[in-house]
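A closer look at the structure
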Amino acid sequence: MYPRAFDYHRATSIKEASTLLAELGDDAKLLAGGQSLIPLMKLRFANPAHLVDLGFIPDLSYINEDQGTLRFGPMTTHAEIEHSSVAAKIPIVHDCAAGIADVQIRNRGTIGGSLAEADPSGDWANVLLTLDTHVRVASAKGERTVPLTDFIKDAYTTELAHDELIAEVVVKVPPRNNGGAYLAFKRTAPVYPTASVAVQLTMEGDTCIEAAIVLGCVGLTPVKAGDAEAALRGTAVTGKALIAAVDAARTAADPQTDMRGSADYKRAVIGALTKRAIEAAVRRARGEQVQLSHSYA
Ligand SMILES: Cc1cc2nc3c(=O)[nH]c(=O)nc-3n(C[C@H](O)[C@H](O)[C@H](O)COP(=O)(O)OP(=O)(O)OC[C@H]3O[C@@H](n4cnc5c(N)ncnc54)[C@H](O)[C@@H]3O)c2cc1C
């Protein structure tokens, strides 16, 4: 199906994009890579009267290392992150970028668009919530910085006001004794996951001193598995602690039965992914190079 007719506006700066959004009102939407918005427009689930294109604003696509953080421009594509040696400093970030859909979508879709869309099946929020992540938000009136933990309010709903844009995503580089892993189970590559698990662990020798575990596609927003984290904190990540963390993650999941599987099936998938992701995170925290790939049905 074709989208409804719309007026196209090409912004030349973030300030101009914000001003256009304010002037054009609720019927205006930003266009980044178009990989979420255009399909919704073609299905006529989204019918904006105006599109404000960010694609011609200079310098919105970058990955910079700066004082212990990685800074991502909002128009940085999944593919640019996948192939970046700078982004590879945080292996879980590479896991995420390399596993999103297929090459075509990774070449167009952006980290800013993905966080702004807040799709419950999207990958970026799950991963970035296990890290210390802030979103720099800009409008014609000024800027503010929002922790990612406060940014996503509900399915498809964020903290952004209508005239605000994501101007940058800032991620703290974890310390050396930290390891992370992101694993998803997918029916095929070019579709969203059935379920996914992001794990970040800080280890002191064999003891886990800090844990962050976030589950994807099993709730309206990313699910923080607090009891699973608690099961690992202060203990060796083996035997009983690992089983307790897996059980707690399964319990924390709140999936819907849909075309991707029943709720029980997705809970079982979460259990299997949690175990594998924790084991990979421990190995990475020890300094091992671990290549990971999502599982495909
Ligand atoms: C077949 C298919 C499979 C996919 N599979 C996956 C998958 O497995 N995992 C996954 O994570 N994603 C998946 N995606 C989505 C893809 O990752 C998109 O790139 C992403 O969700 C949105 O990024 P975009 O740049 O395309 O944004 P757009 O589609 O251009 O925009 C999305 C929304 O964000 C808003 N927006 C865009 N940029 C900004 C900004 N800087 N500030 C404020 N608002 C902004 C837009 O107005 C719009 O509302 C898939 C998409 C398709 C079509």
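Provided above is the structure to which this section pertains.
So, how was this worked out
- Residues numbered from 1 in each chain as written.
- Predicted model: local features only at pLDDT ≥ 70, side-chain atom pairs only at ≥ 80, totals over all residues.
- Heavy atoms only, no water.
- Near = heavy atom within 4 Å.
- Polar contact = N/O pair within 3.5 Å; in protein donor to acceptor, adjacent residues only side chain to side chain.
- Areas by Shrake-Rupley, 256 points an atom, 1.4 Å probe, with all protein chains shown as cover.
- Helix = DSSP H or I, 4+ residues; strand = E, 2+ residues; numbered from the N terminus.
- Pairing = 2+ DSSP bridges.
- Salt bridge = Lys/Arg side-chain N within 4 Å of Asp/Glu carboxyl O.
- Buried < 20%, exposed > 50% of the residue type's maximum accessible area, 1.4 Å probe, protein only.

Taken together, 31 residues surround the ligand, and among them Leu30, Gly34, Gln35, Thr110 and Asp123 come closest. A distance of 2.6 Å separates an oxygen atom of the ligand from a polar atom in the backbone of Leu30. A distance of 2.8 Å is found between an oxygen atom of the ligand and a backbone nitrogen or oxygen belonging to Gly33. If the ligand stood free it would expose 970 Å²; the protein chains cover 91% of that surface. Mapped by element, the contributors of at least two residues to the shell around the ligand are β2 (28–31), α6 (111–117) and β10 (165–172).

Attention shifts here to the pairing of strand β7 (residues 142–147). Successive residues of a regular strand alternate their side chains across the two faces of the sheet. Pairing geometry for strand β6 (residues 133–139) and β7, over six bridges, is antiparallel. In the sheet register, Val135 faces β7, and the bridge partner there is Val146. The turn linking β6 back onto β7 is made up of two residues.

Going through the model one piece at a time under the given rule, you end up with 20 salt bridges. Asp66 serves as the salt-bridge partner of Arg71, at 2.8 Å between the closest nitrogen and oxygen. Look at Arg71 and you get partly exposed, because its relative accessible area is 25%. In this structure, Glu210 engages Arg233 in a salt bridge whose closest nitrogen and oxygen atoms are separated by 2.9 Å. Separated by 23 residues along the polypeptide, Glu210 in strand β13 (residues 207–216) and Arg233 in the loop between α9 (226–232) and β15 (235–236) bring together distant segments of the chain.

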